[in-house]
Amino acid sequence: MNVLVTGGSGYIGSHTCIQLLAAGFNPIIVDNLCNSKKAVLKRIKQVSGSTPTFIQADVRDKAALVAALSEHNIEAVIHFAGLKAVGESVEKPLEYYDNNVNGTLVLVDAMREAGVKRLIFSSSATVYGDPASVPITEDFPTSATNPYGRSKLMVEECLTDFQKANSDWSITLLRYFNPVGSHPSGELGEDPQGIPNNLMPFVAQVAVGRREFVSVFGNDYPTKDGTGVRDYIHVMDLADGHIAALQKVGPKPGLHIYNLGTGNGHSVLEMIAAFEKAAHRPIPFKFVDRRPGDIAECWADPSKAQTELGWRASHTLDAMVNDSWRWQSTNPQGYSDQ
Ligand code: NAD
Ligand code: UFG
């Protein structure tokens, strides 16, 4: 079965392509390379033995999408393409709404024209805003505090309305918690451009000597050790969640919503300690002020995905940090080979 993967050369998309190939699917990537490099394709080949078809195009280019969907006999689309930096979204809201919201609308319109009716969308735990309690189930109220989060929420709402009006479509919203880790081969991983916004790529760059210390954003949260608590999930588990969704609910018309998380919360200090153990070296850190907009704690109740998709995260925290370190230590500058 041919699957169009928008944003397939990015962090989560590239790992999902590997798992798609392993499960017998044929991924066709559409990416404009605004936040990834073509070198990823060589790495996918190294790991899986196959190079996915790559189309360099923007998801806002409807003609290119209709052509890709029709020429490759696509049966389902996994839509990763989008911008994802919270801070940048505050500076450049128009770019975020255009890429994330308009990009999705153009994609769905192209799918409609090409007669493709199965879509899996990359949503985020950010749609839960500041949750009243943890763990978070899919029926918690949604809200947003920044343009990135609002773009995810808007897309969820647009897709919900669209599915209501087109009941023969299968639309799946996957709400990711905090993806970390890398392919166990060390060939693929997260390669943020510039200063990493997220904790784990920052920690990895400190470990490898690219940065001096980790700034820990706040140590006065009402959590186990005062630092923020999140549900970190191995990117390979996350990738497998897409395969499970494609197989289990892809063929079923309806709107399907799942949390993809482990159900466990780890603090910033626990993550730093785990990484120190994996890298066999101290990771210097300093406590600084809280980051505006951050919440104290957030972790998933992943039982709906377990019951309905037969999926559950299996990688341990040690696997997340060991794999992350293997990637970072063997590729200190990321995908430097263009
Ligand atoms: P990423 O930046 O590594 O991958 C996104 C890919 O999309 C990149 O290769 C980029 O070049 C491409 N892209 C962006 N805009 C495009 C456009 N207009 N047309 C074509 N290609 C475009 O990000 P990721 O971490 O792999 O995230 C994938 C998806 O998952 C995103 O939608 C993101 O919002 C969502 N998500 C990520 C996280 C996270 O922490 N990484 C958490 C929750 C949700
Ligand atoms: N943190 C630090 N120092 C850093 C970076 C982060 O102490 O340099 C802390 C944060 O305060 C938070 C935790 O580490 O307590 C995790 O922060 P991240 O930036 O890695 O992740 P967030 O939970 O803030 O957000 C991420 C993605 C969002 C997504 C959300 C839920 O960036 O896009 O997970 O999926 F919406």
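Refer to the preceding data block for the structure.
Reference entry: report on the structure contained in this document. Not measured: the values here are computed from a predicted model.

## A look at the sheet that holds strand S4 (residues 76-79)
Consideration 1: Read across the open sheet, the seven strands follow the order S3-S2-S1-S4-S5-S6-S11; overall the sheet is parallel. With one partner strand each, in any of the chains shown, strand S3 (53-56) and strand S11 (254-260) form the two edges of the open sheet. Strand-to-strand, the axes of this sheet are offset by a mean angle of 20 degrees, without reference to chain direction.
Consideration 2: Across seven bridges, strand S5 (residues 118-124) lies against strand S6 (residues 170-176) in parallel orientation. Of the residues in S6, the one forming a bridge with isoleucine 120 is threonine 172.
Consideration 3: Packed onto the sheet, helix H8 (residues 235-248) meets strand S1 (2-6), S4, S5, S6 and S11 and runs at close to 160 degrees relative to S6.

## Section: the site of ligand 1
Consideration 1: As a matter of local geometry, ligand 1 sits amid 27 residues, with Asp31, Asn35, Ser36, Lys84 and Asn99 nearest to it.
Consideration 2: In the environment of ligand 1, an oxygen atom lies 2.8 Å from a nitrogen or oxygen atom belonging to the backbone of phenylalanine 80.
Consideration 3: One of the side-chain nitrogen or oxygen atoms of lysine 152 is found 2.9 Å away from an oxygen atom of ligand 1.
Consideration 4: Burial of ligand 1 by the protein amounts to 95% of the accessible area it has alone, namely 820 Å².

## A short note on the sheet that holds strand S9 (residues 229-230)
Strand-to-strand pairing in sheets goes through backbone hydrogen bonds, with the strands running parallel or antiparallel.
Consideration 1: Read across the open sheet, the three strands follow the order S12-S9-S14; overall the sheet is mixed. With one partner strand each, in any of the chains shown, strand S12 (266-267) and strand S14 (297-298) form the two edges of the open sheet.
Consideration 2: In the sheet, S9 pairs with S12 via two bridges, with the strands oriented antiparallel. Bridging from a neighbouring strand, arginine 230 pairs with histidine 266 of S12.

Calculation notes
- Residues numbered from 1 in each chain as written.
- Chains lettered and ligands numbered in written order.
- Predicted model: local features only at pLDDT ≥ 70, side-chain atom pairs only at ≥ 80, totals over all residues.
- Heavy atoms only, no water.
- Pairing = 2+ DSSP bridges.
- Helix = DSSP H or I, 4+ residues; strand = E, 2+ residues; numbered from the N terminus.
- Axes fitted to C-alpha atoms, helices over the stretch in contact; angles between N-to-C directions.
- Contact = heavy atoms within 4.5 Å.
- Near = heavy atom within 4 Å.
- Polar contact = N/O pair within 3.5 Å; in protein donor to acceptor, adjacent residues only side chain to side chain.
- Areas by Shrake-Rupley, 256 points an atom, 1.4 Å probe, with all protein chains shown as cover.

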